[in-house]
Each structure stands twice: as structure tokens, then as C-alpha cells.
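Descriptive analysis of the structure
Each chain, written out:
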Amino acid sequence: MFRLLFLLPIVLCLGWYFFLRKNGVHIKQGKKGFMYILAFSVFVLGFFVLIMQITEFTPSEF
């Protein structure tokens, strides 16, 4: 699942692009949406990296 996370911004941007095209909106007018998508994707990636760092497993000797 985590290895496919790079597809999130690609799929969302493609969806936004097709939405803009279908509704006759120019790409320049929808540029803010692309920025929101990229910011959201960075947030999700950062969250997962943080969780991976917090829950890092270190074996201990008994």
C-alpha cells in the first residue's frame, strides 16, 4: 500500500484536469486546485513518514 502512495497526486491531478476540461475551465484558472492537491499529498506523505519514525521498531535483548 505504502509503495503505491506516489500514485495519489498523479491520480488526483489527472482527475482535476479532466474535471476542468469537462466543465470548460482553463488550466490557469484551475491552477490553485493543483496546488491544493500537491499540498494535500505532501501532508499525507509527511504524516506517514512521521508515523514510521515514531513507531520504529528496535529489538531489545531479554
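The model shown is predicted, which means the values in this text are computed figures rather than measured ones. (Residues numbered from 1 in each chain as written. Predicted model: local features only at pLDDT ≥ 70, side-chain atom pairs only at ≥ 80, totals over all residues. Heavy atoms only, no water.)

Describing helix α2 (residues 31–54)
Given a rise of 1.5 Å per residue, 24 residues ought to cover 34 Å, and the 35 Å separating the end C-alpha atoms of α2 matches this to within 8%. Restricting attention to buried positions, one finds in α2 the residues Gly33, Phe34, Ile37, Ser41 and Val44. Looking at the packing, one finds that the buried side of α2 touches α1 (7–22). (Helix = DSSP H or I, 4+ residues; strand = E, 2+ residues; numbered from the N terminus. Expected span 1.5 Å × (residues − 1). Buried < 20%, exposed > 50% of the residue type's maximum accessible area, 1.4 Å probe, protein only. Contact = heavy atoms within 4.5 Å.)

Quick notes on the side chain of Ser41
Relative to the helices and strands, Ser41 is located in helix α2. With relative accessibility at 10%, the residue Ser41 sits in the buried group. Not counting chain neighbours up to four residues away, the residues in contact with Ser41 comprise Leu8 and Pro9.

Considering the packing of aromatic side chains
Inspection of the entire model under this criterion finds 3 aromatic pairs. Taking the centre distance of 5.4 Å and the plane angle of 20 degrees together, the rings of Trp16 and Phe19 count as stacked. Of this pair, Trp16 and Phe19 are both found in helix α1, 3 residues apart, which corresponds to roughly one turn of the helix. Overall, Trp16 belongs to the partly exposed group, its relative accessible area being 27%. Seen in terms of ring centroids, Tyr17 and Phe18 are 5.5 Å apart; in terms of plane orientation they differ by 65 degrees. Their pairing is edge-to-face. Residue Phe18 is classed as exposed on the basis of its relative accessible area, which comes to 51%. (Phe/Tyr/Trp six-rings, centres within 6.5 Å; stacked < 30°, edge-to-face > 60°.)

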